[in-house]
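Structure at a glance
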Amino acid sequence: MFHLKIQLLFIAIVGSFFGFTQQWTTFKLDDKLNEISGLEQLDESTLVAINDSGSGAELHVLNMEGKILKTVAVKNATNIDWEDLARDNDYLYIGDIGNNENKRKNLCVYKVRIADILSKKEVVAQKISFNYSNQNEFPPNKSQLNFDAEGMIVYKESIYIFSKNRTEPWTGISNIYTLPKQKGTYNAKKYSELYVGEQGWWQDAITGADILNDQLYVLTYGRIFQLNIADLDRKPTFSHEFKRTTQKEAVVVINHSTILLADEVKKIIGGGKLYKFEK
């Protein structure tokens, strides 16, 4: 037993030295979340999740292990292609921003009071409608297919939307657009560009985003990375490649050491899990 303890201590020390201290905990999601596309934290013990296109205009309230506690209907909304969730102190923002074919003219973000989600079974949303200020063709040619989006955050007084690059040939660039948080109709302004990588759509197309303080966390199917939102042209301060690539679509940062991720169910590659990742 003494020798076993020494061996375990040695493994822990070596693992720490080489950066192997990351821990994963996995939870099975309910079948109702097979198309999960967005995840956010409502309070210390509660999460909220959405499904993407083909699902109802519903918010699924979860505990921290992914168990559904209740489902809340958003009565005045339509789920054309809900792709991400974000929040500020008082409101949850639902991004109906999926645009696979780059030809939608009815993009929007729904704004719902968090207190209503926690206390009610039906909620009423405000609608923030928009188009991209630099899109003139619906769809554009293949080299300009960069008006789909699956990543969204709220930072200070604006909504930030991160495009999911589908260009041919591949450019590796995500365009970042901003919107006001107030209901109305807008042209989303291009704020910046983020070069994600050269490895193509499966590895470097953005599928989710979240922010904690000034630290931006960006999700792709193959990895997650972190950088300061004021330094988008610099290298990430943290990056982690997943050992197994699944269709990871949702991310929420609990704190700078703990991140929750979720993936859709696909027959060949699996999924349907909530992952707790501890750096």
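Located above this text is the structure these notes cover.
The structure reproduced in this document is the subject of the present report. Because the structure is a prediction, the values reported are computed rather than measured. (Residues numbered from 1 in each chain as written. Predicted model: local features only at pLDDT ≥ 70, side-chain atom pairs only at ≥ 80, totals over all residues. Heavy atoms only, no water.)

Further remarks concern the sheet that holds strand 2 (residues 36-43). In space, the 5 strands of this open sheet follow the order 2-3-4-5-9, with mixed pairing throughout. Of all the strands in the sheet, the pair left with one neighbour each is strand 2 and strand 9 (122-123). Two strands pair when backbone bridges link them, and strand 4 (residues 58-62) and strand 5 (residues 68-74) are joined in this way by 5 bridges, in the antiparallel orientation. Pairing of Glu 58 across the sheet is with Ala 73, part of strand 5. (Pairing = 2+ DSSP bridges. Helix = DSSP H or I, 4+ residues; strand = E, 2+ residues; numbered from the N terminus.)

Each regular strand displays side chains that alternate between the two surfaces of the sheet. Most of strand 16 (residues 215-219) sits out of view: 5 of its 5 residues are buried. Where burial is concerned, the two faces of strand 16 agree: the one with Gln 215, Tyr 217 and Leu 219 and the one with Leu 216 and Val 218 are both buried. Here 5 bridges tie strand 15 (residues 208-212) to strand 16, and the two strands are oriented antiparallel to one another. The residue bridging Ala 209 from the neighbouring strand is Val 218, located in strand 16. As consecutive antiparallel partners, strand 15 and strand 16 are separated by 2 residues, and within that stretch Asn 213 has a phi angle of approximately 55°, a positive value. Of the pairings in the sheet, the one linking strand 16 to strand 17 (residues 223-228) comprises 5 bridges and is antiparallel in character. Bridging across to strand 17, Gln 215 finds its partner in Asn 228. Between strand 16 and strand 17, which pair antiparallel in sequence order, lie 3 residues. (Buried < 20%, exposed > 50% of the residue type's maximum accessible area, 1.4 Å probe, protein only.)

Another point: the pattern of salt bridges. Applying the stated rule across the entire model yields 12 salt bridges. For the salt bridge of Arg 166 with Asp 148, the shortest nitrogen-to-oxygen distance reads 2.8 Å. Of this pair, Arg 166 sits in the loop between strand 12 (158-163) and strand 13 (173-180) while Asp 148 sits in the loop between strand 10 (126-132) and strand 11 (149-155), placing them 18 residues apart in sequence. The exposure class of Asp 148 is buried, given its relative accessible area of 0%. (Salt bridge = Lys/Arg side-chain N within 4 Å of Asp/Glu carboxyl O.)

Strand pairing in a sheet is mediated by backbone hydrogen bonds. Such pairs are either parallel or antiparallel. Here we have 4 strands laid out as an open sheet, ordered 1-21-20-19, and antiparallel in their pairing. The open sheet is flanked by strand 1 (23-28) and strand 19 (248-255), the only strands paired with a single partner. For this sheet, the mean angle separating the axes of adjacent strands, direction not counted, is 20°. With 5 bridges joining them, strand 20 (residues 258-263) and strand 21 (residues 273-278) adopt antiparallel strand pairing. (Axes fitted to C-alpha atoms, helices over the stretch in contact; angles between N-to-C directions.)

Quick look at the side chain of Asn 175 now. Relative to the assigned elements, Asn 175 resides in strand 13. At a separation of 3.2 Å, a polar atom in the side chain of Asn 175 contacts the side chain of Lys 190. (Polar contact = N/O pair within 3.5 Å; in protein donor to acceptor, adjacent residues only side chain to side chain.)

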